[in-house]
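# Structure assessment
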Amino acid sequence: MARPGGPWIVTAAAVLVLVTGFLPWWTVRYAYSDASGSGHLTESASAWGISTAWTCALLLTAAVTAVWAWLRAKQRRAPRWGLAVSLLCAAVSVLLIALVRGAPLNGTQEMSMSWVDSSSSEDSFAHSWMIRDRLFTYDDPDLMVGIGWGWWAGLIAILLCAAVILRAGRSRHPGL
């Protein structure tokens, strides 16, 4: 007899992965000084808006986890190849998000900035560092560009999906 709610745990893990895509995966923190004062501002972008590889990793993980939940709900024991493929897809997802963490911007590279004369010049500056699939990291006291806390949440969610799939693969219960 299946434990109640078992497939829902796996499905919830897949949904969690998709939700993390809306968190701030990429951030630009910069110093400002104007008539109102000075300080630091932080702008961010989600995985969906900043990286095709990150988007693919999240969609792959969610799809594989959902298919795994469906297989486990339909069958008493999912085939071993299904477990192997699911874990391989989770590993590919982890590699995709880990490899696209941004390349350090060094002195020989040029970064083209787009400046717009408007009241929102800060937004223009931050967005010039948030070019989809052209992620350069930079670390300076007045400008820090790189991954945000959403990236870590996404990585943890993908690893959680892998753990749930692995746990479900060893269980005799169809749900988990």
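Above: the structure in question.
A brief look at the structure comes next. Just so you know, the residues in each chain are numbered from 1, in the order the chain's sequence is written. Local features in this predicted model are restricted to residues of pLDDT 70 or higher, and side-chain atom pairs are both shown and tallied only at a pLDDT of 80 or more, whereas totals for entire chains, interfaces and linings draw on every residue. Derived side-chain values reflect all non-hydrogen atoms in the structure, with water molecules and hydrogen atoms excluded from consideration.

What follows is about the sheet that holds strand E5 (residues 143–147). Taken in spatial order, the five strands of this open sheet run E2-E1-E5-E4-E3, and their pairing is mixed. The two strands at the open ends of the sheet, each matched to only one other strand, are strand E2 (37–45) and strand E3 (103–104). Inspection of the sheet shows E3 paired to strand E4 (residues 136–140) by two bridges, in the parallel sense. Bridging across to E4, Pro104 finds its partner in Thr137. Strands are treated as partners if at least two bridges between them are detected by DSSP. Only DSSP runs of H or I with at least four residues qualify as helices, and only runs of E with at least two residues qualify as strands; both kinds are numbered from the N terminus onward.

The next subject is the packing of aromatic side chains. Here the aromatic set is Phe, Tyr and Trp, taking the six-membered ring for Trp, and pairing holds for ring centres within 6.5 Å; pairs whose planes are under 30 degrees apart are stacked, those over 60 apart are edge-to-face, and all others are tilted. If you walk through the whole model with that rule in mind, you get five aromatic pairs. Consider the rings of Trp26 and Trp54, whose centres lie 6.4 Å apart with planes at 50°: the pair is tilted. Here Trp54 lies in helix H3 (residues 52–74) and Trp26 lies in strand E1 (residues 26–34), a separation of 28 residues in the sequence. Note on classification: 1.4 Å probe, protein chains only; a residue is buried when its accessible area is under 20% of the maximum for its type, exposed when over 50%, partly exposed between these limits. When its relative accessible area of 0% is taken as the criterion, Trp26 is described as buried. Relative to Trp152, the ring of Trp151 lies with its centre 4.7 Å away and its plane at 85°, an arrangement referred to as edge-to-face. Note on Trp152: relative accessible area 43%, which makes it partly exposed.

Glancing now at the pairing of E2. Alignment of E1 against E2, held across nine bridges, turns out to be antiparallel. Pairing of Asp34 across the sheet is with Gly37, part of E2. Hairpin connection between E1 and E2: a loop of two residues separates the two successive antiparallel strands.

By nonpolar core we mean a set of buried residues, namely Ala, Val, Leu, Ile, Met, Phe, Trp, Tyr and Cys, connected to one another through side-chain atoms within 4.5 Å. By size, the foremost hydrophobic cluster in this structure holds 27 residues, and its most contacted members are Trp26, Val28, Trp54, Ile97 and Trp129. Take this core: its biggest share by element is five residues, from helix H6 (residues 149–170). Setting aside residues no more than four positions away along its own chain, Trp54 makes contact with Trp25, Trp26, Ala47, Leu96, Ile97, Val100, Arg101, Leu135, Ile147 and Trp151. Counting nine residues, the second largest nonpolar core, distinct from the first, contains Trp68, Leu83, Cys89 and Ala168. Contacts were defined at the residue level, with two residues in contact if any of their heavy atoms lie within 4.5 Å.

With respect to the secondary-structure elements, Ser51 resides in the loop between helix H2 (47–50) and H3. Whenever two N or O atoms come within 3.5 Å, that pair is a polar contact, provided that in protein one can donate a hydrogen and the other can accept it, and provided that, for residues adjacent in sequence, both atoms are side-chain atoms. In this structure the side chain of Ser51 is engaged in a polar contact, spanning 3.1 Å, whose partner is the backbone nitrogen of Trp54. Ignoring sequence-local partners within four residues, the contact set of Ser51 consists of Val100, Arg132, Asp133 and Leu135.

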